[in-house]
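Architecture and fold: a report
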Amino acid sequence: MKNEAGGMRPGFDAAMAGKRAECDGGGLVAGTRFAGRQEFTGTLTGDYYDAGDPPWRWYLLRDLTSKPEGFPADAVWCESESIFLVEQR
Amino acid sequence: MTKDPLHTRLCDMLGIEYPIIAFTHCKDVAVSVINSGAFAVLGEAMHTPEEIAADISWIRERVDGRPFGVDLVLPASVPAEASLDQLMTKIPQEQRDYEQMIKRKYDVPDPKEGVDLHQWGGLNQALGRAQLEVLLDERVPVIASGLGSPAFLLDAAHERGIKVFGLVGKTRQAKRQLEAGVDVIIAQGYDAAGHTGAMGTFSIVADVAAIAGDTPIIAAGGVTTGRHLAAALCLGASGVWTGTLWLACRESDVDMIVKEKLLAATADDTSYSTCISGMTMRVLKCPWTEEWAKPEAPPVLPPPYQMLLSSDYIQGSNDHRRGDLMTEAAGQGVGFVTEMKPARQIVFDMVEEALTAFEEITGDPDDE
């Protein structure tokens, strides 16, 4: 998500900033042909990227209060349709 | 029965005879299934865009215009920091020592070539995006997303006449995708091979079917027989998604040693463990899974560290065809996979068994 030259367009969505959210995340597991699921809970910063066209939106989730044990990062980019606001559950 | 119970709205949507979806990584299996009147989705998550285009062309040349699909693993989250190179330096010594103990204990051979996880993707969404462009350009009849929501590509897909399938492991994921307008929801249960969610197939299929309205639902997880197909339709599904069923079929390119292990395996021979990749995954039991299940084993590492640990074992076992070490993702329905049949026969056997099951349930008036 760091390659702005590769069709990533950054932005800020004030309406999402500060909201608690869960992310039903995951992706292709390196070394396998399989998908792996990972779940996170944290606070949306409002920062986002739109990747490519049609735009594929990713929001930044920080202050993670739950994440897979040993998850190497302090924050995670979450695909917008995989985010569930805690207040909306 | 006056109505063919196997002719579902999924059949009408896709123009197929039987509501059976084969998920396979083998093109030969896909073609055989498609030409038998069922439907196949080719797993291309690890392929380059160029390879995907070539595979699509290869299939098109062999199916006489019949529809098929391609599955990608669209990511749903990406770590905000840490490169693969940084991660590889962080594997604790305790787990490294345990890996080495297993390799010595079972005389696990080294891979013939170094394992390069960089080539296998998994850490960002750039590959998924490039793969997706090929599917849109090629106007492949169906795009299936094996994990992340495909909602963002719906307009682009529909403009090109492409149907979009989304695979879910939770009801709330299904609700979100239904609201977005995904064409078909694959509800996958815990029984499935590979990385699954926590809900059982019976629960998630019925749960998702209850909210799906007119959108077809496909049942996934532990489906290997006609009775499973009949049960799935009774739960409200319009078809079944099958993977393990095809691994040991005659056309499959899975190693013959692994095929024999699959044919001999029962549900008890599968392991639902994090020890391969750090994420829960159902595979055939093997020395690696058994050793990591022992009380003295160190904690399994999170992804991608655990995969870095297990990759030498897996690649070395496969390179040297060590049947005592090899494993494969397999669902709980593997116990019903007992013969190495042609894919076409598997389709027809499944259809016949499902029809028999329905007749037993309903008491076909034609028989009275």
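Residues numbered from 1 in each chain as written. Chains lettered and ligands numbered in written order. Predicted model: local features only at pLDDT ≥ 70, side-chain atom pairs only at ≥ 80, totals over all residues. Heavy atoms only, no water.

1. Quick notes on the side chain of Glu99(B)
All names here are of chain B. Locating Glu99 in the fold gives a position in helix α5 (residues 93-105). Among buried Asp, Glu, Lys and Arg side chains, Glu99 stands out as unpaired, with Lys103 the closest opposite charge at 4.6 Å. With near-sequence residues (within four places) excluded, Glu99 lies in contact with Trp288, Leu309 and Asp312. (Helix = DSSP H or I, 4+ residues; strand = E, 2+ residues; numbered from the N terminus. Buried < 20%, exposed > 50% of the residue type's maximum accessible area, 1.4 Å probe, protein only. Lys, Arg positive; Asp, Glu negative; His and termini not counted. Salt bridge = Lys/Arg side-chain N within 4 Å of Asp/Glu carboxyl O. Contact = heavy atoms within 4.5 Å.)

2. Here's the deal with unusual backbone geometry
Residue Asp53(A) is joined to Pro54(A) through a cis peptide bond whose omega torsion reads 5°. Tracing the backbone shows Pro54(A) in the loop between β3 (35-51) and β4 (56-66). A positive phi angle, near 50°, is found at Asp107(B), a position not held by glycine. Summarising the element assignment, Asp107(B) is placed in the loop between α5 and α6 (126-138). Even without glycine at this site, Arg139(B) takes up a positive phi of about 50°.

3. A few points about helix α14 (residues 305-319) of chain B
Residues and elements named next belong to chain B. Across its 15 residues, α14 extends 22 Å between first and last C-alpha, which sits within 8% of the 21 Å expected from 1.5 Å per residue. The largest bend in α14 is about 35°, located at Ser311. For α14, every residue scored as buried is listed here: Tyr305, Gln306, Met307, Leu308, Leu309, Ser310, Ser311, Tyr313, Gly316 and Ser317. Arg321 sits one or two positions beyond α14 and adopts a positive phi of about 50°. (Expected span 1.5 Å × (residues − 1). Bend = angle between axes of the 7 residues up to and from the residue.)

4. Looking at the confidence of the model for chain A
All names here are of chain A. Per-residue confidence for chain A gives a mean pLDDT of 84; residues scoring 70 or more make up 87%. Mean pLDDT across the elements of chain A ranges from a minimum in strand β1 (residues 8-12), with 87, to a maximum in strand β6 (residues 83-85), with 96. Under a pLDDT of 50 for its full length, residues 1-5 has, in the predicted model, 12 contacts with residues more than four places off or in other chains. (pLDDT = per-residue confidence, 0-100.)

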